[in-house]
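# Architecture and fold: a report
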Amino acid sequence: MSEDPYETGMRVRREVLGDAHVDRAVARTTEFSRPFQDYITRGAWGSVWSRDGLDRKTRSCVTLAALTALHAHDELAMHVRAAVHNGLSAQEISEVLLHTAVYAGAPAANAAFAVAQRVLAELGEPAAQEKEGG
């Protein structure tokens with residue numbers, strides 16, 4: 001018997017985003033937001049991220065590109081962290097954002113680079129650290 005899409009979604013969501021992030025999202029769930037939380041857990045995580053067709057590293061690349069194009073900065077920050085967790089290096093994230101600039105525009109990529117650099121710096125990535133005396 002196959003696993004329930006909600007249970008699969010919660011498992012995959014925790015594996016990609018981490019327990020702390022998912023626990024915060026669950027704790028903030030209200031009656032108002034419960035249908036949306038259920039939808040993304042079942043749909044995004046339980047039905048799409050759990051598929052075998054792409055590995056998680058590739059899914060992270062696609063997600064970073066899409067979120068950049070949509071100017072979805074809060075989601076982008078979360079998925080930069082997930083991309084690192086899924087094995088992308090800072091250099092690979094930079095390449096995804098640069099490639100996205102060609103198709104989604106320089107302003108979108110410029111904002112995405114700022115978000116990604118902030119997150120990577122928070123994670124201690126040396127390439128994202130500002131040089132002293134700039």
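Residues numbered from 1 in each chain as written. Predicted model: local features only at pLDDT ≥ 70, side-chain atom pairs only at ≥ 80, totals over all residues. Heavy atoms only, no water.

## Some words on the domain arrangement of the protein chain
Applied cut-off: For the domains described, the bounds stem from an automatic or database domain assignment. Accessible area that two parts lose when put together, evaluated with a 1.4 Å probe and summed over both, is termed the buried area. For this analysis, a salt bridge means a side-chain nitrogen from Lys or Arg found within 4 Å of a carboxyl oxygen belonging to Asp or Glu. Definition of a polar contact: a pair of N or O atoms within 3.5 Å, with one able to donate and the other able to accept a hydrogen when the atoms are protein atoms, and with sequence-neighbouring residues admitted only if both atoms are side-chain atoms. In DSSP terms, a helix is any run of H or I states spanning at least four residues, a strand is any run of E spanning at least two, and both are numbered starting from the N terminus. In the scheme used here, Gly and all other residues not listed as nonpolar or charged are polar, with Ala, Val, Leu, Ile, Met, Phe, Trp, Tyr, Cys and Pro taken as nonpolar and Asp, Glu, Lys and Arg as charged.
Domain boundaries assigned for the protein chain yield domain 1 (1-51) and domain 2 (54-126). Spacing between the C-alpha centres of domain 1 and domain 2 amounts to 21 Å. Approximately 820 Å² of surface area, both sides summed, lies buried where domain 1 meets domain 2, with 57% of it carried by carbon and sulfur atoms. If you sort the residues of domain 1 by the area they bury against domain 2, Glu 15, Val 16 and Trp 49 come out on top, with a joint share of 61%. Applying the counting criterion to the domain 1 and domain 2 interface returns one salt bridge. Across the contact surface, domain 1 and domain 2 share four residue pairs in polar contact (both at pLDDT 80 or more). Looking at which element gives the most residues to the side of domain 1 that touches domain 2, the answer is helix H1 (residues 5-17), with four residues. Split into classes, the residues belonging to the side of domain 1 that touches domain 2 amount to six nonpolar, one polar and two charged.

## Here's the deal with unusual backbone geometry
Where we set the bar: Only protein chains enter the calculation, and the probe is 1.4 Å; a residue is then buried if its accessible area is under 20% of its type maximum, exposed if over 50%, and partly exposed in between.
We note that His 71 has phi near 60°; this positive angle belongs to a residue other than glycine. Its location among the elements puts His 71 in the loop between helix H4 (56-69) and helix H5 (73-85). On the accessibility criterion, His 71 (44% relative accessible area) is partly exposed.

## Things to note about the UniProt feature "domain: Carboxymuconolactone decarboxylase-like" (unreviewed entry) in the protein chain
Put simply, the test is: UniProt positions are given in the numbering used here, feature names are shortened, and annotations may be inferred rather than shown by experiment.
Residues annotated by UniProt as "domain: Carboxymuconolactone decarboxylase-like" (unreviewed entry) correspond here to residues 36-117. With 82% helix and 0% strand, the stretch residues 36-117 has end C-alpha atoms that lie 29 Å from each other.

## Focus: the nonpolar core
Basically, it comes down to this: In this text, buried Ala, Val, Leu, Ile, Met, Phe, Trp, Tyr and Cys residues form a nonpolar core when linked through side-chain atoms within 4.5 Å.
Counting residues in each nonpolar core, the largest one holds 17 residues, and the members touching the most others are Leu 64, Leu 76, Val 80, Ile 93 and Leu 120. Secondary-structure elements contributing two or more residues to this core are H4, H5, helix H6 (90-104) and helix H7 (106-122). The dominant element in this core, judged by the number of residues it contributes, is H7, at five residues. Grouped together as the second largest cluster of nonpolar side chains are nine residues, Val 12, Val 22, Trp 45 and Trp 49 included.

## Quick word on H4
Residues spaced three or four apart along an α-helix point in a common direction, a consequence of the helix completing one turn every 3.6 residues. Our working definition: In this analysis, the expected span of each helix is defined as 1.5 Å times one less than the number of residues it contains. In this description, one arc is meant: the one made by directions from the helix axis to the C-beta atoms. Residue contacts are defined here by distance: any two heavy atoms, one from each residue, within 4.5 Å place the two residues in contact.
Over its 14 residues, H4 runs 20 Å from end to end, which matches the ideal 20 Å to within 8%, given 1.5 Å per residue. Turning to H4, its buried residues are Arg 59, Ser 60, Thr 63, Leu 64, Leu 67 and Thr 68. One side of H4 carries all its buried residues, which in axial view fall inside an arc of 165°. Buried positions along H4 lie against helix H3 (34-48), H5, H6 and H7. Downstream of H4 by a residue or two, His 71 has a phi angle that is positive, lying close to 60°.

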